[in-house]
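Fold and geometry: a report
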Amino acid sequence: MTKKIQSALISVFYKDGLEPVVQQLHKLGITIYSTGGTQAFIEKLGIPVTPVENLTTYPSILGGRVKTLHPSVFGGILGRRDNETDLQEMKQYNIPEIDLVIVDLYPFEETVAFTSEEKLIIEKIDIGGPSMIRGAAKNFRDLVVIAAKSEYAALEQMLREQEGTTNIEQRRAFAAKAFEIVAHYDVAIAKYFNTENALYFVESIPHPKTMRYGENPHQTGVFYGNLDELFNQLNGKELSYNNLVDVDAAVQLINEFAGDATNPVFAIIKHTNVCGIASRDSAKGAWDAALAGDPESAFGGVLVCNGTIDKATAEAINEIFFEVLIAPSFNEDALTILKSKKNRILLQQKAPFRKAKEYKSVLNGVLMQGADEGNYIDWKEVGGRDTSAAEKADLEFANLVCKHLKSNAIALVKNKQLIGKGCGQTSRIDSLRQAIEKAGQFKFDLTGAVLASDAFFPFNDCVQMSHAAGITAFIQPGGSVRDKDSIEYCQQNKLAMVMTGMRHFKH
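A brief structural summary. All values reported here derive from a predicted model rather than from experimental measurement. The residue numbering used here restarts from 1 in each chain and proceeds along that chain's sequence as written. Residues qualify for local features only when their pLDDT is at least 70, as the model is predicted, and side-chain atom pairs are given and counted only at 80 or more; totals for whole chains, interfaces and linings, by contrast, use all residues. In computing side-chain values, all of the structure's heavy atoms are included and hydrogens and water are not.

**Side note on the overall build of the protein**
How we decide: What counts as a helix is a DSSP run of H or I of at least four residues, what counts as a strand is a run of E of at least two, and both are numbered from the N terminus. Between the two quantities, the radius of gyration covers C-alpha atoms and the globule rule is 2.2 Å times the number of residues to the power 0.38. In this analysis, two residues are considered to be in contact whenever any of their non-hydrogen atoms come within 4.5 Å of each other. Surface accessibility in these figures is a Shrake-Rupley result with a 1.4 Å probe; residues are shielded only by whichever protein chains are displayed. For the charge count, each Lys or Arg is scored as positive and each Asp or Glu as negative, with His and the chain ends excluded. Charged groups are reduced to one reference atom each: NZ for lysine, CZ for arginine, CG for aspartic acid, CD for glutamic acid.
Within the protein, the secondary structure is distributed over 18 helices and 25 strands. Taken against the 2.2 N^0.38 rule, which gives 23 Å for 507 residues, the C-alpha radius of gyration of the protein at 31 Å runs more than 25% over that of a compact globule. Along the first, second and third principal axes, the C-alpha atoms of the protein reach 95 × 50 × 45 Å. Put simply, 57% of the contacts in the protein that link residues at least 6 apart link residues at least 24 apart. Within the structure as shown, the protein displays about 25,200 Å² of accessible surface, and the carbon and sulfur contribution to it stands at 51%. The average position of the 54 basic charges and that of the 62 acidic charges among the side chains of the protein differ by 2 Å.

Following this line, the structure appears as structure tokens:
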């Protein structure tokens, strides 16, 4: 069903990109109605424009809060062209038909981003704009609605190529986008007012990007979000679904060490788990130690560092195959080396990024929780002796690493280097066996190493097995009804044990 546009209502906050549309409307002889700043903008172009006040017979009142909320405007938008009663009433009350509505919304999110002054924020809650957009979108059989400046170019092209006519498919497509824009706007306002105890799960994330596929080739995948806010991509192909999952895990891990640039930390992630991580006095040293922790698993991994990637580090990294490298900065000679592989993804992280909340799709709903922030709540020395300064540093490091391994999780650390880890096992003792086996596979001496556990020891078998392997200090949250079994073993054998009161399950 083709419709010819004969009149347009334009009232927008953002004028950039609007001029070609207005010029095209004028060229086609389309009557233009407008208000306030938009009216002045059109008049400066030397194009005839009819003030909305001529329709409503009311000026803009209440400081601009009421301009278009009037039957003469909404009747022109909502009137059904195939309904004889509507047409008769529009004629009776001198309501003109409006065929095109170009209206955007006050910048509410932008205002919230730069100020906390509620008075300013409240004034950026648009009333007339969403109402006109919804009305025009509802009446898409007769109207075209443009609700964002990103649609101006498409509209101008359509007007030019189709000489002011539109078809039902085009009008419906514009209406669908308009409803999404208004929905996103309403969600932003609802989130501002309902910071806690909301009645509904409301979230709206723009910028959808279709992935080549999801976790597996037979699955579809879409990412909603703007990665440009977080990274500058300096090289490589587009990030895949699995790349994004691992990049998220890498960024969350390295954030634990974001404030310690004097001691570079390098980590290697595979399938969201840490397979190598170390802290040294140089990025090259940290890389060498992280890779040594599990050189086998590092192949095809996601790498992340909290310091600058220099030439020496780049030369060392360049020797293995990896998918992604993330760092806050790269030296130019390092980039020259790393860009030798065109598909290799290099991401410059703009700033540390922390999630306030986490979401997970389960059953027919969504789970939401606060992020797991912090290392420990308490530092209770409950073993047979206090930890040494070196052990304490290793235990703090190990506990942060363990926090980012899938439960049940065990991390073995020596000299701030992960030398063994067990994760994703159905029992804690199995995770420990896995960790000890990994350390042995790569010839690490566990004498003097420390152990972190993401949850309590249900029995003393873990400390017994660890002691036999040479481990001398433990960190765990405690909370088992049998805590005393592990504590007594440590006391009898002069082993250090710290209870933190903070569990770090990760599923």
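Picking up where we left off.
**Structural notes on the pairing of strand β22 (residues 418–422)**
Quick note on the threshold: Burial classification: accessible surface area is computed with a 1.4 Å probe over protein chains only, and a residue below 20% of its type maximum counts as buried, one above 50% as exposed, and the rest as partly exposed. Here the rule is simple: two strands pair whenever DSSP picks up at least two bridges between them.
Most of β22 sits inside the fold, with 5 of its 5 residues counted as buried. Pairing between strand β21 (residues 410–413) and β22: 4 bridges, direction antiparallel. Its bridge partner lying in β22, leucine 412 is registered against glycine 420. Following β21, the chain reverses through 4 residues before pairing antiparallel with β22; asparagine 415 in that reversal takes a positive phi of roughly 55°.

**A word on the sheet that holds strand β23 (residues 450–453)**
Note the cut-off: All axes here are fitted lines through C-alpha atoms, helices being fitted over the stretch that makes contact, and every angle between N-to-C directions spans 0 to 180 degrees.
The strand order β20-β25-β24-β23-β21-β22 describes an open sheet built from 6 strands, whose pairing is mixed. The open sheet has two edge strands, β20 (380–381) and β22, and neither has a second partner. Sheet analysis places β21 next to β23, joined by 4 bridges and oriented antiparallel. Of the residues in β23, the one forming a bridge with valine 413 is valine 450. Where helix α16 (residues 428–441) meets the sheet, it contacts β21, β22 and β23, and its direction lies at approximately 145° from that of β22. Helix α18 (residues 483–492) contacts β24 (473–476) and β25 (496–499) of the sheet and is inclined by roughly 150° relative to β25.

**Notes on the packing of helix α17 (residues 461–469) against α18**
Formally: Throughout, the term roughly parallel applies to angles under 35 degrees, roughly antiparallel to angles over 145, roughly perpendicular to angles from 65 to 115, and oblique to all others. When residues are grouped by polarity, Ala, Val, Leu, Ile, Met, Phe, Trp, Tyr, Cys and Pro land in nonpolar, Asp, Glu, Lys and Arg in charged, and all others, Gly among them, in polar.
Where α17 contacts α18, the two axes come as close as 8 Å, and the packing angle between them is 25°. As judged from the angle between their axes, α17 and α18 are roughly parallel. Two secondary-structure elements touch here, α17 through Val463, Gln464 and His467 and α18 through Ser486, Tyr489 and Cys490. Among the residues making up the contact of α17 with α18, the classes are represented as 3 nonpolar, 3 polar and no charged.

**Let's talk about unusual backbone geometry**
Cis geometry is found at the peptide bond from serine 407 to asparagine 408, where omega equals -10°. Relative to the helices and strands, asparagine 408 is located in the loop between α15 (389–403) and β21. Residues other than glycine seldom take positive phi values, yet lysine 443 does so here, at roughly 65°. The residue lysine 443 is located in the loop between α16 and β23 in this model. Taking the relative accessible area as the measure of exposure, lysine 443 reaches 74% and is therefore exposed.

**Topic: the pattern of salt bridges**
What counts, and what does not: We count a salt bridge whenever a side-chain nitrogen from Lys or Arg sits within 4 Å of a carboxyl oxygen from Asp or Glu.
Taken as a whole and assessed by the stated rule, the structure comprises 20 salt bridges. Glutamate 97 is paired through a salt bridge with arginine 81; the nearest N and O atoms lie 3.4 Å apart. Of this pair, glutamate 97 sits in the loop between α5 (84–92) and β5 (100–103) while arginine 81 sits in the loop between α4 (71–78) and α5; the two residues are 16 residues apart in sequence, bridging distant segments of the chain. With a relative accessible area of 38%, glutamate 97 lands in the partly exposed category. We classify arginine 81 as buried; its relative accessible area is 13%. In this structure, lysine 484 and aspartate 485 form a salt bridge, with 3.5 Å as the shortest nitrogen-oxygen distance. Residue class for aspartate 485 comes out buried when judged on its relative accessible area of 13%.

**Digging into the side chain of asparagine 375**
As a reminder of what qualifies: Side-chain atoms alone can form a polar contact between residues adjacent in sequence; in general such a contact is a pair of N or O atoms within 3.5 Å, and within protein one must be able to donate a hydrogen while the other accepts it.
As for its position among the elements, asparagine 375 is in the loop between β19 (365–370) and β20. Within the structure, the side chain of asparagine 375 is placed 3.1 Å from the backbone oxygen of glutamate 396, a separation counted as a polar contact. Among residues more than four places away in sequence, those in contact with asparagine 375 are Glu396, Asn399, Leu400, Met502 and His504.

**Here's the deal with the sheet that holds strand β6 (residues 144–146)**
Taken in spatial order, the 5 strands of this open sheet run β4-β3-β2-β5-β6, and their pairing is parallel. The sheet is open, and its two borders are formed by β4 (50–51) and β6, each paired with just one other strand.

**A closer look at the environment of methionine 90**
Note that methionine 90 resides in helix α5. The buried category is assigned to methionine 90, whose relative accessible area is 6%. Each C-alpha atom, one on methionine 90 and one on glycine 79, is 7.4 Å from the other, the two residues being 11 residues apart in sequence. Among all residues touching methionine 90, those that are not within four sequence positions of it are Gly75, Gly76, Gly79, Ile95, Pro96 and Glu97.

**Structural notes on the pairing of β23**
A two-sided burial pattern is seen for β23, the buried positions comprising Val450 and Ala452 on one face and Leu451 and Ser453 on the other. Both β23 and β24 contribute to a ladder of 3 bridges, which runs parallel. Among the inter-strand pairings, alanine 452 is bridged to a residue of β24, identified as isoleucine 475.

**So, the nonpolar core**
Keep this limit in mind: Take the buried Ala, Val, Leu, Ile, Met, Phe, Trp, Tyr and Cys residues and link them wherever side-chain atoms come within 4.5 Å; each set so joined is a nonpolar core.
In terms of nonpolar packing, the biggest core is built from 40 residues, with Val247, Val274, Ile277, Val324, Ile326 and Leu347 touching the most fellow members. Looking at this core element by element, the count peaks at 7 residues for helix α11 (residues 241–254). Counting 29 residues, the second largest nonpolar core, distinct from the first, contains Met132, Ile133, Ile168 and Tyr185.

**Focus on the packing of aromatic side chains**
For clarity, the cut-off: When the centres of two rings from Phe, Tyr and Trp lie within 6.5 Å, Trp using its six-membered ring, the rings pair. Their planes under 30 degrees apart give stacked, over 60 give edge-to-face, and anything left gives tilted.
Inspection of every chain in the model, using the stated rule, returns 11 aromatic pairs. Each ring, one from phenylalanine 13 and one from tyrosine 14, has its centre 5.2 Å from the other, and the planes form 75°; the classification is edge-to-face. In this structure tyrosine 14 comes out as partly exposed when scored by relative accessible area, which is 25%. Summarising the aromatic geometry, the rings of phenylalanine 201 and tyrosine 359 are spaced 5.5 Å apart at their centres and angled 70° between planes, so their arrangement reads as edge-to-face. Here the residue phenylalanine 201 occupies a position in the loop between α10 (168–193) and β8 (208–210), and tyrosine 359 occupies one in strand β18 (residues 357–362), the gap between them amounting to 158 residues.

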